[in-house]
Amino acid sequence: AELEAVRAEHGDLNVLIDLTGFSGMTAEALITDLRYGITHLSELKHYNRIAIITDADWISALVWIENRILRQTDMSCFELDEMDVAKRFIAGEEVPEKAYEPSLLRLASNRPDLIVFELRDKVRTADAHAMFGFLSAAYEMHEKIDLMIIIRDFALPDLSMLFDAETWKAKTGSFSHINKYAVVGGPAYVMSAAQVIGSFLPVDVKTFPLEEMDDAWTWLGARPLLA
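Quick notes on the rules
All residue numbers refer to position in the chain's written sequence, counted from 1. Totals for whole chains, interfaces and linings use every residue, but because this is a predicted model, local features are given only for residues with pLDDT of at least 70 and side-chain atom pairs only at 80 or more, for both listing and counting. Side-chain descriptors were evaluated using all non-hydrogen atoms of the structure, hydrogens and water having been removed beforehand. Nonpolar cores are built from buried Ala, Val, Leu, Ile, Met, Phe, Trp, Tyr and Cys residues. Side-chain atoms within 4.5 Å join them into one set. Categorising residues by exposure relies on relative accessible area from a 1.4 Å probe, with only protein chains included: less than 20% of the type maximum marks a residue as buried, more than 50% marks it as exposed, and the intermediate range marks it as partly exposed. Each helix is a run of H or I in the DSSP string that is no shorter than four residues. Each strand is a run of E no shorter than two, and both are numbered from the N terminus. Every residue pair with non-hydrogen atoms within 4.5 Å of one another is taken to be in contact. Strand pairing is assigned whenever DSSP identifies at least 2 bridges connecting the two strands. Helix axes are fitted only over the stretch in contact, all axes being lines through C-alpha atoms; the angle between N-to-C directions runs from 0 to 180 degrees. Any pair of nitrogen or oxygen atoms within 3.5 Å is treated as a polar contact; in protein, a donor-acceptor pairing is required on top of that, and neighbouring residues in sequence qualify only through side-chain atoms on both sides. In this scheme, patches are assembled from residues that exceed 30% relative accessible area and form no salt bridge. Like charges are connected within 9 Å, while nonpolar side chains (Val, Leu, Ile, Met, Phe, Trp, Tyr) are connected within 5 Å. What sets the accessible areas is the Shrake-Rupley method with a 1.4 Å probe; for residues, cover comes only from the shown protein chains. Within this document, salt bridges are pairs made up of a side-chain nitrogen of Lys or Arg and a carboxyl oxygen of Asp or Glu, the two lying within 4 Å of each other. His residues and chain termini do not enter the charge count, which takes Lys and Arg as positive and Asp and Glu as negative. Note that the charge is assigned to NZ on lysines, CZ on arginines, CG on aspartates and CD on glutamates. Convention used here: a crossover is right-handed provided that the path from the first strand, over the helix, to the second strand proceeds clockwise when the strands point away from the viewer. How sure the predictor is of each residue is captured by pLDDT, a score from 0 to 100. By construction, the arc corresponds to the directions joining the helix axis to the C-beta atoms.

### Some points on the nonpolar core
Proteins that are soluble and globular tend to have nonpolar side chains buried together.
Okay, step 1: The biggest cluster of nonpolar side chains holds 21 residues, and the ones touching the most others in it are Ile115, Phe117, Met131, Leu135, Ile145 and Leu147.
Okay, step 2: Those elements giving two or more residues to this core turn out to be strand 5 (114-119), helix 5 (125-141), strand 6 (145-151), strand 7 (178-185) and helix 7 (188-198).
Okay, step 3: The leading source of residues in this core is helix 5, at six residues.
Okay, step 4: Setting aside residues no more than four positions away along its own chain, isoleucine 115 makes contact with Arg106, Leu135, Ala138, Ile145, Asp146, Leu147 and Met148.
Okay, step 5: In terms of nonpolar packing, the next biggest core, distinct from the first, is built from 13 residues, Leu114, Val116, Ala182 and Ala216 among them.

Below, the structure is given as structure tokens:
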């Protein structure tokens, strides 16, 4: 009701939604929200920019999808400490994308045909492009390589990777170049998924808990060059 009153007075508007502490919706509220949204789709042209303050990955994922479907409205999510940036966004300023430290680090080993990465945060599209760049260079030097991923910390990957053609092309092109693939650490469901996927690929996939990393190095017949 407040939004409709403001729109009636000012026409187009920008909205900032602070979801700090948001813990969910009742079923009744969700149905009401969906019904309102569907019946007012034609009014979205009156919403220029929408900023959402949230630390929930699933909300950011939904907003990312909506922003690519509902082209007439520019929506963006901001972290809890980015209120000032969100206000600049809805004021019409151009807000640069937040710079992130790389989440995938390349580790050295005593085998030139073994590529080792350590994952320390959420994998973003830029990280995936960098990783496949390393792998492509390795494929040019070695007909076959082994691959090791050490998962120190894990978060669901950036949803944009699912729609990135370059990432999918690099993934599908990697299978024929890899002999052994060791996955070390990560949640149980990630390790289970790796085992299931490995059963359908021409790659020898094996998972190890983080505390059994030495066994992974032994399985690959290699050792790290730096601690």
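### Quick look at the sheet that holds strand 5
Okay, step 1: Strand order in the open sheet formed by five strands is 4-5-6-7-8, and the pairing between neighbours is mixed. For this open sheet the edge positions go to strand 4 (104-107) and strand 8 (204-208), each flanked by a neighbour on one side alone. Pairwise comparison of adjacent strand axes, ignoring direction, gives a mean angle of 20° for this sheet.
Okay, step 2: Pairing geometry for strand 6 and strand 7, over six bridges, is parallel. Bridging from a neighbouring strand, isoleucine 145 pairs with isoleucine 178 of strand 7.
Okay, step 3: Most of the contacts of helix 8 (residues 213-220) go to strand 7, to which it runs at about 175°, and overall it touches strand 5, strand 6, strand 7 and strand 8.

### Quick notes on the side chain of serine 109
Okay, step 1: The residue serine 109 is located in the loop between strand 4 and strand 5 in this model.
Okay, step 2: A residue is classified by how much of its surface remains accessible, and serine 109, at 11% relative accessible area, is buried.
Okay, step 3: A distance of 3.1 Å separates a polar atom in the side chain of serine 109 from the backbone oxygen of arginine 111.
Okay, step 4: Dropping the residues within four chain positions of it, serine 109 is found in contact with Leu114, Val116, Trp217, Arg223, Pro224 and Leu225.

### A closer look at a negative patch on the surface
Okay, step 1: A grouping of Glu211, Glu212, Asp214 and Asp215 is seen on the molecular surface, where their side chains present a negatively charged patch.
Okay, step 2: Inspection of the secondary structure assignment puts aspartate 214 in helix 8.
Okay, step 3: Assessed through its relative accessible area of 61%, aspartate 214 is described here as exposed.

### Section: the pairing of strand 1 (residues 13-18)
Okay, step 1: Of the strand pairs in this sheet, strand 1 and strand 2 (residues 47-53) are connected by five bridges, and their pairing is parallel. Counterpart to aspartate 18 in the pairing with strand 2 is isoleucine 53.
Okay, step 2: Running through helix 2 (residues 27-39), the crossover from strand 1 to the neighbouring parallel element strand 2 is right-handed.

### Overview of the confidence of the model for the chain
Okay, step 1: Per-residue confidence for the chain averages 83 on the pLDDT scale, and 89% of its residues sit at or above 70.
Okay, step 2: Per-element confidence in the chain is highest for helix 8, whose mean pLDDT is 95, and lowest for helix 6 (residues 165-174), whose mean pLDDT is 57.

### Topic: the environment of leucine 16
Okay, step 1: The topology assignment puts leucine 16 in strand 1.
Okay, step 2: Through-space distance from the C-alpha of leucine 16 to that of alanine 51 is 4.7 Å; in sequence the pair is 35 residues apart.
Okay, step 3: The contacts of leucine 16, once residues within four sequence positions are left out, are Ala51, Ile53, Met83, Ala86, Lys87 and Ile90.

### Focus on helix 7
Okay, step 1: Among the residues of helix 7, Val190, Met191, Ala194 and Gly198 are the ones counted as buried. An end-on view of helix 7 places all buried positions within 100° of arc, on one side of the element. Facing away from the buried surface of helix 7 by more than 90 degrees, the exposed residues are Ala188 and Tyr189.

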